[in-house]
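Overview (structure and organization)
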Amino acid sequence: MKRVLNLYKKDMILGVKDVFILLEIAFSVIMMLLILLVVPKSIEQEDTVFIYDKTGMTARLGAEMHEGNMQMNGQIFVDSREAVVEGMIENKSAVGLIIEKDPRGKFRTELLTQPYSNAAQLNYLEVVLEDIFSVFSPPFGAYPQDVYRSVSVIALQDNQRDSIPFNRMLLPIVIVTMIGIVGLFAMISMIAQEKVDDTIRAYRVAPSSIYAFIASKHLVMLTISIVTFSVMYLPIIGLGGYLPALLITLLTVIIGSSLGIMLGSFYEEPMASFGWVFLLMLLFTLPAISLLAPVFSPDWLKIIPSYHTLFGLDAAMFPDNNTHIIGQSILLLGAWAIPLVLISARMFRSQIRKGGIL
Amino acid sequence: MPPKESDLIFFLFFYFLIALCIIDATRDSNDEYISNNQAPNQNPNPKIRIITGMCHGGYKRMIEVSNLFHSYKKNEDYAVNDISFRIEKGEIFGFLGPSGAGKSTTQGILSGLLELQKGDILIEGQARNAYPDKAFFNRIGVGFERPNVYKKLSAYDNLKFHAALYDVKTEDPKILLDMVGLGEEGKKLAGEYSKGMMQRLGFARSMINHPDIWFLDEPTMGLDPSTGNKIKRIIRKRQSEGTTIFLTTHNMFVADELCDRVAFIVDGKIVAMDSPKNLKLKYGQPTVTIEYLEDGKLKSQVLGMKNNEKSVLEKFIAEHEVKTLHSGEPTLEEIFIKLTGRGLE
């Protein structure tokens, strides 16, 4: 332990003097400020629809709803088709609706959309409009009053997603990227520096083990991670879920660092391993898609450790009747971390003993 | 919520990996750490023959190497090819040869940087393991040819860091820095040092644990003559205190000056081994350079001094107006070239 602490002290001093520790902390401050001050709390767009209603039906309906204290936000009534198109050109997220009656007295609607409108959403709108105008235009209309009561929705989790500000929702992804992946590259750099300066050879003829050498590097990465994690987490989320989120982050750091040690075993220069680092970065950020769009959650994605980091952090940060995910993430990340630490240490020792750096 | 089948498979997979690692680690420690007290027939590693027992010959040998081989590719292409030698306690033993001859590989194996693949190494009569243990590293010092120090640490902190790695009593970094002439610059970052200063810092580091076996690789290379002499004085002083020194160099003058015995190594094989004096006597040609006057001009002639050449010398002196006589002995480099047909660079 005395040796590990001695190595740790040396590695921390070198880390500070090599500026990479300060850079990590500086980046985490910048990310925290960006999330708090620049990234919007909501990315929901104000829905605007330009309506040209030759029948006057929607205006009447709107007036009635207004009297009944019902809001009809985002509806702009115009008096020509050209005004609808003009409005849509000015507001790129707006859609247009033209309502008229055919000679037989049936409603006829025309929906104008922007070129990038989603086909699925358009189909949905088509169905909704069909539904509405069926009600207003018999013989199809006049649905029984309780027609929608036959459908019941039961959520497995309390759905508080909508109330979580968007900028805070990004934090798990930022933590995985900043701390987990950058940690991997930092570890490769630390090891490569010892190889380039040949200081590892001087260490090897001292009565201290390679395992102590690696343990110290892990400790440095964990220390930096605690600082950078706290810098980002506390101002954005506060103390809620801090400890479980920290534990999840640290386990991810150990996984990243172990992968860094494995790569560092084979490469003398950090840039030589960049192909692998880039590949791992892609792989580790892939589960972020699943976090932002939970409908995409194939089983193979769960093999990637960062999947459990992201969902574990998310569960710790935003308690949503989902605390079991925290425990599950800690167990799975631990199950990744333990063998990776052992395998990477042995791989590093064996590569060095092969005499590649003599 | 009951765990899903896929989650259970993941768990089983990870715990299987952990079990594999633990089994592997146990097996590895059995392979590599062969007890010195183990009987030869219990050797679990058939590649390494373990020799135990007391040293012989009436004196205590520090290092005895027998039939040492090493191949980086683990095939028949040997960088060190069947070499044997012994080093007495308190002796300076020089290992001389051109670049790529196998000097550094031999030192790497002896100092524990490289695996002992084939052959025997006895330290004070005890067989050394394939990879040495902490006790061995506590008693050796290694000075590298390349100044491998932490450039972002001061010289003092470099030494302090290394001192804390040892279990034995270590030297005061300040004393070591003074010894190598860096006392005034001890607080400076090593990265601000010249190459020669870094070389001296590395040299000082190799003494931090008071080693009784000291491996030095080109200890005076790149140093000015005055600093080089200082380093040589330290080496001699340590020798007088009982340190055994294994010196690797391609500088024949340093070897001639410092070493009690030297071995010439070429292409992984030792071609000659003796004291510098004996090598010169055995393989060299003592000469006399005579300056004489002939037709009013000063001329010179080099003649051999072997028994059968003495009459030629006497006759020459009798027949010429000799002005000066200088006896000369061959240099180690000349002997090396004579024996190997190659230079040392």
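Our subject is the structure listed above.
Residues take numbers from 1 onward in each chain, read along the sequence in its written order. Key to labels: chains lettered from A, ligands numbered from 1, both in the order written. Confidence filtering applies because this is a predicted model: local features only for residues at pLDDT of at least 70, side-chain atom pairs given and counted only at 80 or more, and all residues used for totals across whole chains, interfaces and linings.

Right, let's get into the overall build of chain A. Per the convention used, a helix needs a DSSP run of H or I reaching at least four residues, while a strand needs a run of E reaching at least two, with both numbered from the N terminus. Helix and strand counts for chain A stand at 14 helices and four strands. By the burial criterion, 32% of the 358 residues in chain A qualify as buried. Residues are treated as contacting if the C-beta atoms built from their backbones sit within 7 Å of each other. When contacts within chain A are restricted to residue pairs at least 6 apart in sequence, long-range pairs at least 24 apart make up 75% of them. Burial is judged by counting the other C-beta atoms within 10 Å of a residue's own C-beta: 20 or more makes it buried, 12 or fewer makes it exposed, and any count in between marks it as partly exposed, with every C-beta position built from the backbone.

Moving on, we get to the interface of chain A and chain B. Taken together, the contact between chain A and chain B spans 30 residues of the former and 37 residues of the latter. At nine residues, helix H14 (residues 323–353) of chain A tops the list of elements feeding residues into the side of chain A that touches chain B.

Residue and element names in this part refer to chain A. Along the chain, Met88 falls in helix H4 (residues 81–90). Along the chain, Met88 and Thr48 lie 40 residues apart, while their C-alpha atoms are 9.0 Å from each other. Residues contacting Met88, with those up to four places away along its chain left out, are Phe50, Ala94, Gly96, Leu112 and Gln114.

Looking now at the nonpolar core. A set of buried residues drawn from Ala, Val, Leu, Ile, Met, Phe, Trp, Tyr and Cys, joined through C-beta atoms within 7 Å, is what defines a nonpolar core. Counting residues in each nonpolar core, the largest one holds 142 residues, and the members touching the most others are Ile175(A), Met232(A), Ala337(A), Leu96(B) and Leu247(B). Considering every element that reaches this core, the biggest residue donor is helix H7 (residues 171–196) of chain A, with 17 residues. Apart from the residues within four sequence positions on either side, Ala337(A) is in contact with Leu251(A), Ile254(A) and Ile255(A).

Residues and elements named next belong to chain B. Relative to the elements of secondary structure, Glu321 occurs in strand E13 (residues 321–328). When the 9 C-beta atoms within 10 Å are taken as the criterion, Glu321 is described as exposed. Once the C-alpha coordinates of Glu321 and Glu171 are considered, the two residues, 150 residues apart in sequence, prove to be 62 Å apart. Discounting residues that sit within four places of it in the chain, Glu321 has contacts with Tyr292 and Leu293.

Residues and elements named next belong to chain B. Taken together, the three strands give an open sheet; going across it, the order is E12-E11-E13, and neighbouring strands pair in antiparallel fashion. Across the chains shown, the open sheet's two edge strands, defined by having one partner strand only, are strand E12 (297–304) and E13. For this sheet the average axis-to-axis angle between neighbouring strands, irrespective of direction, equals 20°. In this description, strands pair whenever DSSP reports at least two bridges between them. Across eight bridges, the pairing between strand E11 (residues 287–294) and E12 is antiparallel. Under this scheme, a helix contributes an axis fitted over its contacting stretch, all axes are lines through C-alpha atoms, and angles between N-to-C directions fall in the 0 to 180 degree range.

Right, let's get into the packing of helix H2 (residues 20–38) of chain A against H7(A). Residues and elements named next belong to chain A. Where H2 contacts H7, the axes come no closer than 12 Å and their chain directions differ by 170°. When the axis of H2 is compared with that of H7, the two are roughly antiparallel. Both H2 and H7 take part in a crossing whose hand is right-handed. Taken together, the residues of H7 that come into contact with H2 (itself represented by Phe20, Glu24, Phe27, Ser28, Met31 and Ile35) are Leu171, Val174, Met178, Val182, Ala186 and Ser189. Split by residue class, the contact of H2 with H7 holds nine nonpolar, two polar and one charged. Working definition: roughly parallel below 35 degrees, roughly antiparallel above 145 degrees, roughly perpendicular at 65 to 115 degrees, and oblique for all remaining angles. For a crossing to be left-handed, the near helix must be turned anticlockwise from the far one by less than a right angle; the clockwise case is right-handed. In this classification, the charged set is Asp, Glu, Lys and Arg, the nonpolar set is Ala, Val, Leu, Ile, Met, Phe, Trp, Tyr, Cys and Pro, and all remaining amino acids, among them Gly, are polar.

With that out of the way, let us pick up the sheet that holds strand E10 (residues 269–274) of chain B. Residues and elements named next belong to chain B. Here we have six strands laid out as an open sheet, ordered E6-E7-E8-E3-E9-E10, and mixed in their pairing. Edge positions in the sheet fall to strand E6 (140–143) and E10, since each has one partner strand and no second. Neighbour-to-neighbour, the strand axes of this sheet turn through a mean angle of 15°, independent of strand direction. Two strands pair when backbone bridges link them, and strand E7 (residues 213–217) and strand E8 (residues 244–249) are joined in this way by five bridges, in the parallel orientation. Residue pairing for E8: Ile213 is matched across the bridge by Thr244.

Before going further, it helps to spend a moment on the packing of H7(A) against helix H9 (residues 210–236) of chain A. Residue and element names in this part refer to chain A. Direction vectors running N to C along H7 and H9 enclose 155°, while the axes themselves pass 10 Å from each other. With respect to H9, the axis of H7 lies roughly antiparallel. When you trace H7 past H9, the crossing you get is right-handed. Contacts between H7 and H9 involve Leu171, Val174, Ile175, Met178, Ile179, Gly183, Ala186, Met187 and Met190 from the former and Lys217, Met221, Ser225, Thr228, Phe229, Met232 and Ile236 from the latter.

Across the eight residues of E12(B), zero count as buried, placing the element largely on the outside. Hairpin geometry of E11(B) and E12(B) is characterised by an intervening segment of two residues between the two adjacent antiparallel strands and by a positive phi of about 55° at Asp295(B).

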